[in-house]
Amino acid sequence: DQNILEVDNLHVSFKTRNGAVPAVRGVSFTLKKGETLAIVGESGSGKSVTAKSIMQLLPKQNTVIPDGAIRYEGKDMLKFSKKEIQAVRGSDISMVFQDPMTSLNPTMKIGKQIMEGLSRHTALTKKQARQRAKEMLELVGIPNPESRLDAYPHQFSGGMRQRVVIAIALACNPKILIADEPTTALDVTIQAQILRLMRNLQEKMDTGIILITHDLGVVANMADRVAVMYAGEVVEQGTLDEIFYRPQHPYTLGLLRSMPNLDASRAEPLIPIPGSPPDPSALGTGCPFAARCPYTMKVCHDYNPGAIAMSETQAVRCWLHDERTPAGHVPAEIKE
Ligand code: SF4
Ligand code: MG
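Residues numbered from 1 in each chain as written. Chains lettered and ligands numbered in written order. Predicted model: local features only at pLDDT ≥ 70, side-chain atom pairs only at ≥ 80, totals over all residues.

Caption draft 1: Region of the structure containing the pairing of strand β8 (residues 208-213). For β8, the buried fraction is high: six of the six residues fall into the buried class. Relative to β8, strand β3 (residues 36-40) runs parallel, the two being bridged by five bridges. Bridging from a neighbouring strand, L37 pairs with I210 of β8. Pairing between strand β7 (residues 176-180) and β8: five bridges, direction parallel. Within the sheet, the bridge partner assigned to I176 lies in β8 and is G208. A crossover connection joins β7 to the parallel β8 through helix α8 (residues 188-205); in handedness this β-α-β unit is right-handed. (Buried ≥ 20, exposed ≤ 12 C-beta atoms within 10 Å, placed from the backbone. Helix = DSSP H or I, 4+ residues; strand = E, 2+ residues; numbered from the N terminus. Pairing = 2+ DSSP bridges. Right-handed = clockwise from strand over helix to strand, strands pointing away.)

Laid out in C-alpha cells, this is it:
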C-alpha cells in the first residue's frame, strides 16, 4: 500500500497589487491507491486551490508556489515540464468539478468529447475509442449509450451531465480522481446516485479519490480519511472515525456541531461557528482560528501551533495538545 500521491508542505500564494497573499500554507497529505481522502472546510479555506495546484490549473502569471512538493508516484510534479504535466492530466490524474458545464463543450457531441481524451492519451483506433466511449456511458449508467454518443450536453439533465463528466474523467483509467464539490449542484437523490456511482467505479478501477467538499454528510458516506482545512492550513487530519468521533481541533468540533445530525433520531440543535475566517492578507503569527476559538489562550495569539501527532493516523494543529499547556486549560470535550 504505497502512496500514489504525496503533497508535502505545499505553499501557494497569489500575487496582488498589495503583495503576495497566501492561499495554501504548509499543506501535507498522502493518498493511497483505491482510498478516498476528503478535504473539508469552508469556502476560501484553500481546498480548491490545493486541488488545482495538483493539476497545475492555477493561472501561472499570478500564482507563486514558494515551497513544497507534489509527488505523483514519487516524482515531483511541480518540476514537470508543460509536456509532462499534459501527459499526466486527464490520463493518470483526472478532475471533476461542481458544474459539469464548465468541463463540457456545449457544441461538441458527448461521444466525441469522451473520445478526445482517449485519442490524446491512448493508442486506441477511432473505432475502438468509440466503443470505449460507449462502454463508459454504460458504466456510468446512461441509458441507450449507443444513441447518446451523438447527443449534445444540453440534451442531458444536470445529473446525467455529471455522469458524462465522470465518464470522461475515468475513460483513461486514471489512478487519481480529484472531485471538487462534484454533487453540490445536484438535488439530494441525484447526489446520492452520483456518490454511489463514484464508489462503485472506484472499487472496479482502484482509483484513489480526493474529494473536496464542505458537506460532512458526503464525507461520512465516502471518505476513508479526512483533512480539515482552515485559512489555508490542514488543521486536523485523521481517519473518518477519528475525525467524526474523536475530533481534537476546536474548529473540527465546531464543524461537526454545525452540521445536521446524520442520525436523525438524535435531533440536537445546530450550533454555527460564530465569526468568519481571517482575511488571508492580514494573517498574524498566531493560530488562524484564534479569533473564533472558544479556548483561545495567550500563546495562540502569538504563535501558530505546529502539527502534533495524536495517533499514527491523526494529527492536529492546536496548542491545547501541546504538552506544555497546563491541564486546566484543556476543555473536557477535547480531553480524551
Ligand atoms: Fe484555539 Fe488556540 Fe487551539 Fe488555535 S491553538 S485552535 S486558538 S486553542
Ligand atoms: Mg471551492
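On we go from here.
Caption draft 2: Region of the structure containing helix α7 (residues 158-170). For α7, which comprises 13 residues, the first-to-last C-alpha distance of 18 Å matches the rise-based estimate of 18 Å (1.5 Å per residue) to within 8%. For α7, a buried count of 11 out of 13 residues is recorded, marking the element as mostly surrounded by other parts of the structure. In this structure, the buried residues of α7 make contact with β6 (93-96), α3 (100-103), α4 (110-121), α5 (126-139), β7 and α8. (Expected span 1.5 Å × (residues − 1). Contact = placed C-beta atoms within 7 Å.)

Caption draft 3: Just α8, in detail. With 18 residues, α8 ought to run about 26 Å at 1.5 Å a step, and its terminal C-alpha atoms sit 26 Å apart, in line with that. Turning to α8, its buried residues are Q191, I194, M198 and L201. On an axial view of α8, the arc spanned by its buried residues comes to 95 degrees, and they lie on one face. Opposite its buried face, α8 presents the exposed residues V188, T189, E203 and K204, each directed more than 90 degrees away. In the core, the buried residues of α8 are packed alongside α5, α7, β7 and β8. Within two residues after α8, D206 carries a phi angle of roughly 60 degrees, on the positive side. (Arc of directions from axis to C-beta.)

Caption draft 4: Structural view of the UniProt feature "domain: ABC transporter" (unreviewed entry) in the chain. Taken from the UniProt record, the annotation "domain: ABC transporter" (unreviewed entry) applies to residues 5-256. What you have in residues 5-256 is 40% helix and 28% strand, and the ends, taken at the C-alpha atoms, are 28 Å apart. (UniProt positions renumbered as here; feature names shortened; annotations may be inferred.)

Caption draft 5: The nonpolar core, seen in detail. With 83 residues, the main nonpolar core has A38, I114, A167, I178, I210 and V228 as its most contacted residues. Take this core: its biggest share by element is eight residues, from α7. Filtering out sequence-adjacent residues up to four positions away, I114 remains in contact with A133, M136, A167, I168 and A171. (Core = buried A, V, L, I, M, F, W, Y, C linked by C-beta atoms within 7 Å.)

Caption draft 6: Highlighting the sheet that holds strand β2 (residues 19-32). If you trace the four strands from one edge of the open sheet to the other, you get β2-β1-β4-β5, paired in antiparallel fashion. The sheet is open, and its two borders are formed by β2 and β5 (75-76), each paired with just one other strand. Of the pairings in the sheet, the one linking strand β1 (residues 3-16) to β2 comprises 11 bridges and is antiparallel in character. Residue pairing across strands places T16 opposite G19, the latter belonging to β2. Running at roughly 70 degrees to β2, helix α1 (residues 47-54) makes contact with β1, β2 and β4 (63-72) of the sheet. (Axes fitted to C-alpha atoms, helices over the stretch in contact; angles between N-to-C directions.)

Caption draft 7: How the structure looks around the site of ligand 1. Close contacts around ligand 1 come from 13 residues, with C287, C293, C300, C318 and W319 the closest. Looking at the shell around ligand 1 residue by residue, the classes come out as 12 nonpolar, one polar and no charged. (Near = placed C-beta within 6 Å. Nonpolar A, V, L, I, M, F, W, Y, C, P; charged D, E, K, R; others polar.)

Caption draft 8: A look at unusual backbone geometry. In this structure, N9 is a non-glycine residue whose phi angle is positive, near 50 degrees. Tracing the sequence through the fold places N9 in strand β1. Even without a glycine there, the phi angle at Q56 is positive, about 50 degrees. Here Q56 lies in the loop between α1 and β4. When the 18 C-beta atoms within 10 Å are taken as the criterion, Q56 is described as partly exposed.

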